[in-house]
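# Survey of secondary and tertiary structure
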Amino acid sequence: MMGTRRLVDYHIGRLKDKNRDVRLRSIEELRLLSDAEAMPALKEVFETDVDPDVRSAAKIAGYDIFKKTKPKT
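To keep things clear, this report deals only with the structure shown in the data block. As the structure is a computational prediction, the values presented were derived from the model and not from experiment.

## Some thoughts on the pattern of salt bridges
In this structure the tally under the stated criterion is 10 salt bridges. In this structure, Asp21 and Arg20 form a salt bridge, with 3.4 Å as the shortest nitrogen-oxygen distance. Given a relative accessible area of 37%, Asp21 falls into the partly exposed group. Judged by its relative accessible area of 29%, Arg20 is partly exposed. The residue Asp51 makes a salt bridge to Arg20 at a minimum N-O spacing of 2.7 Å. Residue Asp51 is found in the loop between helix H3 (39-48) and helix H4 (52-69), and its partner Arg20 is found in helix H2 (residues 20-33); the two are separated by 31 residues along the sequence. When its relative accessible area of 13% is taken as the criterion, Asp51 is described as buried. Beyond isolated ion pairs, a larger network of salt bridges with shared partners links Arg20, Asp21, Asp51 and Asp53.

As structure tokens, then:
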């Protein structure tokens, strides 16, 4: 679990990179890791990033993580 936590933190940090491709890659990695801890950072990217493709990717990743991590009823 510690390795996953480090990866999530690493990619969250890269969400503020000036290069949009770096941000897009980190969003995809966060989506694949499916850790709910990434949700606030993805929400911030969705609300504030200047690039519409990055905002869209953050929205999709957040939704995918939500679906994978929400409690089953």
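## Looking at H2
Compared with an ideal rise of 1.5 Å per residue, which puts 14 residues at 20 Å, H2 spans 20 Å between its outermost C-alpha atoms and is within 8% of the ideal. The N-cap residue of H2 is Asn19: its side-chain oxygen and the backbone nitrogen of Asp21 are 2.7 Å apart. Taken from the residues just after H2, Ser34 is the one with a positive phi, measuring 50°.

## Here's the deal with a positive patch on the surface
Residues Lys67, Lys68, Lys70 and Lys72 make up a contiguous surface patch of positive charge. Locating Lys67 in the fold gives a position in helix H4.

## Topic: the nonpolar core
In this structure, Leu15, Ile27, Leu30, Ala38, Leu42, Val45 and Ala58 are the most contacted members of the largest nonpolar core, which totals 13 residues. Element by element, the count of residues in this core is highest for H4, at five residues. Non-local contacts of Leu42, meaning those with residues more than four positions away in its chain, are made with Leu15, Ile27, Leu30, Ala58, Ala61, Gly62 and Ile65.

Definitions and limits used
Residues numbered from 1 in each chain as written. Predicted model: local features only at pLDDT ≥ 70, side-chain atom pairs only at ≥ 80, totals over all residues. Heavy atoms only, no water. Salt bridge = Lys/Arg side-chain N within 4 Å of Asp/Glu carboxyl O. Buried < 20%, exposed > 50% of the residue type's maximum accessible area, 1.4 Å probe, protein only. Helix = DSSP H or I, 4+ residues; strand = E, 2+ residues; numbered from the N terminus. Expected span 1.5 Å × (residues − 1). Polar contact = N/O pair within 3.5 Å; in protein donor to acceptor, adjacent residues only side chain to side chain. Patch = residues over 30% accessible without salt bridge, like charges linked within 9 Å, V, L, I, M, F, W, Y side chains within 5 Å. Areas by Shrake-Rupley, 256 points an atom, 1.4 Å probe, with all protein chains shown as cover. Lys, Arg positive; Asp, Glu negative; His and termini not counted. Charge placed at Lys NZ, Arg CZ, Asp CG, Glu CD. Core = buried A, V, L, I, M, F, W, Y, C linked by side-chain atoms within 4.5 Å. Contact = heavy atoms within 4.5 Å.

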